[in-house]
Amino acid sequence: MKAEVLIIITGIAVTAFSSLFLYHHLLLFTGRGEDAVTDFTADNSRSPVMVVNDTFFISHGSPTLSIDDSLPARHFLKSFRHLVFTQNPSAIVVISAHWETAEPTVNAVAGESSTIYDFYGFPQSMYKIKYPAPGSPKLAKRIRELLETSGFPRVKEDKERGLDHGAWVLLMLMYPDANIPVCQLSIQPDKDATYHYNMGRALASLKEEGVLIIGSGSATHNLRALSQSFDGSVPGWAFEFDAWLTDALHSGRYEDVNRYEEKAPHAKMAHPWPDHFYPLSVAMGAAAGGGGGGKSTKAELVHHSWSRTLSYASYRFTSL
């Protein structure tokens, strides 16, 4: 009789232990355990999220990317979540060439983000497009704290600003459901590329929380030359700068990339102003990460096409 009681008690204990073990691991998997990925959704819904190892620089080219099916880059972006990056991010941070401020500023919108039409003279259909992705004050605060603890002493939050076309034109194609929280981070045009690279390094830990970091600019961006390109051919200066950039990234010469104005051929012609280049440096830095020399990274050209003088070259940066 005593032996039977002992067996029953032991069986109950084993069953209870197994249930607790299973419950604990279920919590971790579903994001409810102590090692859970931060939830940046507005409604506090949760779903399993994996650590993100990739950051991206996407060349957004012309705003007509939003409507022009003849552009190969449009089809690349529409296939992005199926063929290029199949994870479901917990949130997205976009560093857009079209938001310039004196000090780093992150938008912290509660509720749906407004759609900013920061372009003029385009087809009226483009001004009717909406991309009402939720903002995330929680993520904005996290970004501000990471920057402030990494040597950026003055970081602001903007609770009103929505998404400019450097963000929404890409995202409407990449994530058309507009159900992933999005924050934008501004660039500082009076700083250099290394400054922006270090900004990216400060944000690197967001990847461990399932956040996708995207730099949105253009591999080449000379609008005056664009208006003078009548036959649609790619001029030599654009081709040579674009080829240099791809080679430097594939070779891991990131310091040369950050010093592109003195290292690259035709740098001033390809980028009369640095605004469309700096998001690339942020994406590079976010892949490398902070602390010491950072992590080893690999750059990969994930798309390449042209529209006259505009290169749509886009890159993935993977932390190794």
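This text follows the structure it describes.
Not measured: the values here are computed from a predicted model. Think of each chain on its own: its residues are numbered from 1, step by step along the sequence as written. The predicted nature of this model means local features are confined to residues of pLDDT at least 70 and side-chain atom pairs, given and counted, to a pLDDT of 80 or more, with totals for whole chains, interfaces and linings taken over all residues. Only hydrogens and water are removed before side-chain values are computed, so all heavy atoms of the structure are retained for them.

**Points about the overall build of the chain**
No. 1: Runs of E in the DSSP output that reach at least two residues are strands. Runs of H or I that reach at least four are helices, and both are numbered from the N terminus. The secondary structure content of the chain amounts to 12 helices and 10 strands.
No. 2: Relative accessible area decides the class of each residue, using a 1.4 Å probe on protein chains only: under 20% of the type maximum gives buried, over 50% gives exposed, and in between gives partly exposed. When each of the 320 residues of the chain is scored for burial, the buried share is 52%.
No. 3: We call two residues contacting when some pair of their heavy atoms lies within 4.5 Å. Put simply, 78% of the contacts in the chain that link residues at least 6 apart link residues at least 24 apart.

**Brief notes about the side chain of H165**
No. 1: Tracing the backbone shows H165 in helix α5 (residues 165-174).
No. 2: Setting aside chain neighbours within four positions, we find H165 in contact with H60, P63, H98, I116, D118, F119 and L170.

**Re unusual backbone geometry**
No. 1: Even without glycine at this site, A178 takes up a positive phi of about 50°.
No. 2: At R308, a position not held by glycine, the phi torsion is positive, near 55°.
No. 3: With respect to the helices and strands, R308 occurs in the loop between β8 (306-307) and β9 (310-311).
No. 4: Given a relative accessible area of 35%, R308 falls into the partly exposed group.

**Brief notes about the pattern of salt bridges**
No. 1: Put simply, a salt bridge is a Lys or Arg side-chain nitrogen that is within 4 Å of an Asp or Glu carboxyl oxygen. If you walk through the whole model with that rule in mind, you get 14 salt bridges.
No. 2: Close ionic contact of E209 with R142 constitutes a salt bridge, the shortest N to O distance being 2.6 Å. Taken as a pair, E209 in the loop between α6 (193-203) and β6 (211-217) and R142 in helix α4 (residues 137-148) lie far apart in primary sequence, 67 residues in all.
No. 3: Judged by its relative accessible area of 9%, E209 is buried.
No. 4: R142 sits in the partly exposed class, given a relative accessible area of 25%.
No. 5: Salt-bridge contacts for D247 lead to R253; the nearest nitrogen and oxygen are separated by 3.1 Å.
No. 6: With a relative accessible area of 27%, R253 lands in the partly exposed category.
No. 7: Here the residues in one salt-bridge network are R144, E148, E157 and K159, joined through shared partners.

**So, the packing of aromatic side chains**
Ring pairs (aromatic) are described by centroid distance and by the angle formed between their planes.
No. 1: Stacked, tilted and edge-to-face are the three classes assigned to paired rings of Phe, Tyr and Trp, where Trp is represented by its six-membered ring and a pair needs centres within 6.5 Å; plane angles under 30 degrees give stacked, over 60 edge-to-face, the rest tilted. Taken as a whole and judged by the stated rule, the model has 17 aromatic pairs.
No. 2: Residues F152 and Y195 carry aromatic rings whose centres are separated by 5.2 Å and whose planes lie at 75° to one another, so their mutual orientation is edge-to-face. In this pair, F152 is assigned in the loop between α4 and β4 (156-158) and Y195 in helix α6, connecting sequence segments 43 residues apart. Each member of the pair, F152 together with Y195, is buried.
No. 3: Taken together, the ring pairs in this structure connect F56, F76, F80, F85 and Y175 into an aromatic cluster.

**Comments concerning the layout of surface pockets**
No. 1: Think of a 1 Å grid over just the protein atoms. A cavity is a set of points where a 1.4 Å probe fits yet cannot get out, a pocket is an open set with protein on both sides within 12 Å along at least five of seven lines, and lining residues have an atom within 4 Å of a point. Grid points are joined across faces, edges and corners, and a volume is the space filled by probe spheres set on the points. The calculated volume of the second largest pocket comes to roughly 220 Å³.
No. 2: Lining the second largest pocket are 16 residues, and of these G61, S62, P63, F122 and L223 lie nearest its centre.

**Quick word on the environment of D256**
No. 1: With respect to the helices, strands and loops of the structure, D256 is situated in helix α9 (residues 254-258).
No. 2: Here the alpha-carbon distance between D256 and L245, two residues 11 residues apart in the chain, equals 9.3 Å.

**Observations concerning the nonpolar core**
No. 1: Among buried residues, those of type Ala, Val, Leu, Ile, Met, Phe, Trp, Tyr and Cys that are joined through side-chain atoms within 4.5 Å constitute a nonpolar core. Counting 35 residues, the largest nonpolar core has L65, F80, I92, Y131, L171 and Y175 as its most contacted members.
No. 2: Among the secondary structure elements, those contributing two or more residues to this core are β1 (54-59), α2 (72-78), α3 (80-84), β2 (91-100), α5 and β6.
No. 3: When residues of this core are assigned to their parent elements, the largest contribution, eight residues, is made by α5.
No. 4: Every residue in contact with Y175, bar those within four places of it in the chain, is listed here: F80, R81, F85, Q87, P89, I92, Y131, I180 and L212.

**What to know about the packing of α6 against helix α12 (residues 278-288)**
Helices that pack against each other are described as a pair by the angle of their axes relative to one another and the distance between those axes.
No. 1: Only the stretch in contact is used when fitting a helix axis, every axis being a line fitted to C-alpha atoms; angles between N-to-C directions are given from 0 to 180 degrees. Contact pair α6 / α12: the axes reach a minimum separation of 6 Å and the direction vectors enclose 40°. Of the possible angle classes, the one that applies to α6 and α12 is oblique. Classified by chirality, the crossing of α12 by α6 is right-handed. Residues A193, H196, Y197, M199, G200 and R201 of α6 form the contact with α12, whose own contacting residues are Y278, S281, V282, M284, G285, A286 and A288.
No. 2: Across the contact of α6 with α12, the residue classes tally to eight nonpolar, four polar and one charged. Roughly parallel refers to an angle under 35 degrees, roughly antiparallel to one over 145, roughly perpendicular to one between 65 and 115, and oblique to any angle outside these ranges. The hand of a helix crossing depends on one turn: near helix anticlockwise from the far one by less than a right angle means left-handed, and clockwise means right-handed. The residue classification treats Ala, Val, Leu, Ile, Met, Phe, Trp, Tyr, Cys and Pro as nonpolar and Asp, Glu, Lys and Arg as charged. All others, Gly included, are polar.

**So, the packing of α4 against α6**
No. 1: Two numbers describe how α4 lies on α6: the axes approach to 8 Å, and their chain directions differ by 120°. As summarised for this structure, α4 and α6 are arranged oblique, according to the angle between their axes. With respect to the hand of their crossing, α4 and α6 are arranged in right-handed fashion. Contact residues: α4 offers I143, L146 and L147, while α6 offers M199, A202 and L203.
No. 2: Across the contact of α4 with α6, the residue classes tally to six nonpolar, no polar and no charged.

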